[in-house]
Amino acid sequence: QVQLVESGGGLVQPGGSLRLSCAASGSIFSINSMGWYRQAPGKQRDLVAAITGGGSTNYADSVKGRFTISRDNAKNTVYLQMNSLKPEDTDVYYCHQEIRVYGSGVSGYWGQGTQVTVSS
């Protein structure tokens, strides 16, 4: 089994910063792409940023220049550094990892979600 555990959410003032982390554990052979999504109540889950196994990244237009995604393959962890936060960044943030488990194919796994609130 694989488990993803997120941390780093919270309440921050506009213009502030937060760093989210998502660590995978279990019988992991390899991890392909990793990403962060966000979702408001009653709305669809949207991609915020993604990073491939080779390190290529892509971002939603709304966060370009403010957010940075990175990964530590040795720790099976993906990070999202969020700077210059705006009230419209308030959402629940979910990490997603495409993981190959020993003796199996690749499957997508989700974290439990972490609340980010940007408010004065």
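Rules used in this analysis
- Residues numbered from 1 in each chain as written.
- Predicted model: local features only at pLDDT ≥ 70, side-chain atom pairs only at ≥ 80, totals over all residues.
- Heavy atoms only, no water.
- Salt bridge = Lys/Arg side-chain N within 4 Å of Asp/Glu carboxyl O.
- Helix = DSSP H or I, 4+ residues; strand = E, 2+ residues; numbered from the N terminus.
- Buried < 20%, exposed > 50% of the residue type's maximum accessible area, 1.4 Å probe, protein only.
- Polar contact = N/O pair within 3.5 Å; in protein donor to acceptor, adjacent residues only side chain to side chain.
- Contact = heavy atoms within 4.5 Å.
- Phe/Tyr/Trp six-rings, centres within 6.5 Å; stacked < 30°, edge-to-face > 60°.
- Lys NZ or Arg CZ within 6 Å of the ring centre and 35° of its normal.

Caption draft 1: Highlighting the pattern of salt bridges. Scanning the entire structure with this criterion turns up four salt bridges. A salt bridge links D89 to R38; its shortest N-O distance comes to 3.0 Å. Placement of D89 in the loop between β8 (77-82) and β9 (91-101) and of R38 in strand β4 (residues 28-39) is noted, with a sequence separation of 51 residues between them. Exposure class is identical for D89 and R38. Each is buried.

Caption draft 2: Spotlight on the side chain of T77. With respect to the helices and strands, the residue T77 is situated in strand β8. You can call T77 buried: its relative accessible area is 7%. A polar side-chain atom of T77 sits 2.8 Å from the main-chain carbonyl oxygen of K75. When neighbours within four sequence positions are excluded, T77 is seen to be in contact with C22, A23, M34, S70, R71 and D72.

Caption draft 3: Just the side chain of T114, in detail. Checked against the element boundaries, T114 lands in strand β11 (residues 114-118). In this structure the side chain of T114 is engaged in a polar contact, spanning 3.3 Å, whose partner is the backbone nitrogen of G9. Excluding anything up to four places from it in sequence, T114 contacts E6, G9, L20, D91, V92 and Y93.

Caption draft 4: The arrangement of the packing of aromatic side chains in detail. Taken as a whole and assessed by the stated rule, the structure comprises two aromatic pairs. Consider the rings of F29 and Y102, whose centres lie 5.3 Å apart with planes at 80°: the pair is edge-to-face. Remark: Y102 occurs in the loop between β9 and β10 (106-110) and F29 occurs in strand β4; sequence separation between them is 73 residues. Of the two residues, F29 and Y102, neither departs from the other in class, the shared state being exposed. With a centroid separation of 5.0 Å and 70° between ring planes, the pair formed by Y37 and W110 is classed as edge-to-face. In this pair, Y37 sits in strand β4 while W110 sits in strand β10, placing the two residues 73 residues apart along the sequence. Across from the ring centre of Y94, 3.6 Å away, lies the NZ or CZ of R45, which sits over that ring. The aromatic ring of W110 is capped on one face by R45, whose charged end is 4.6 Å from the ring centroid.

The values are spatial; any link to function lies outside them.
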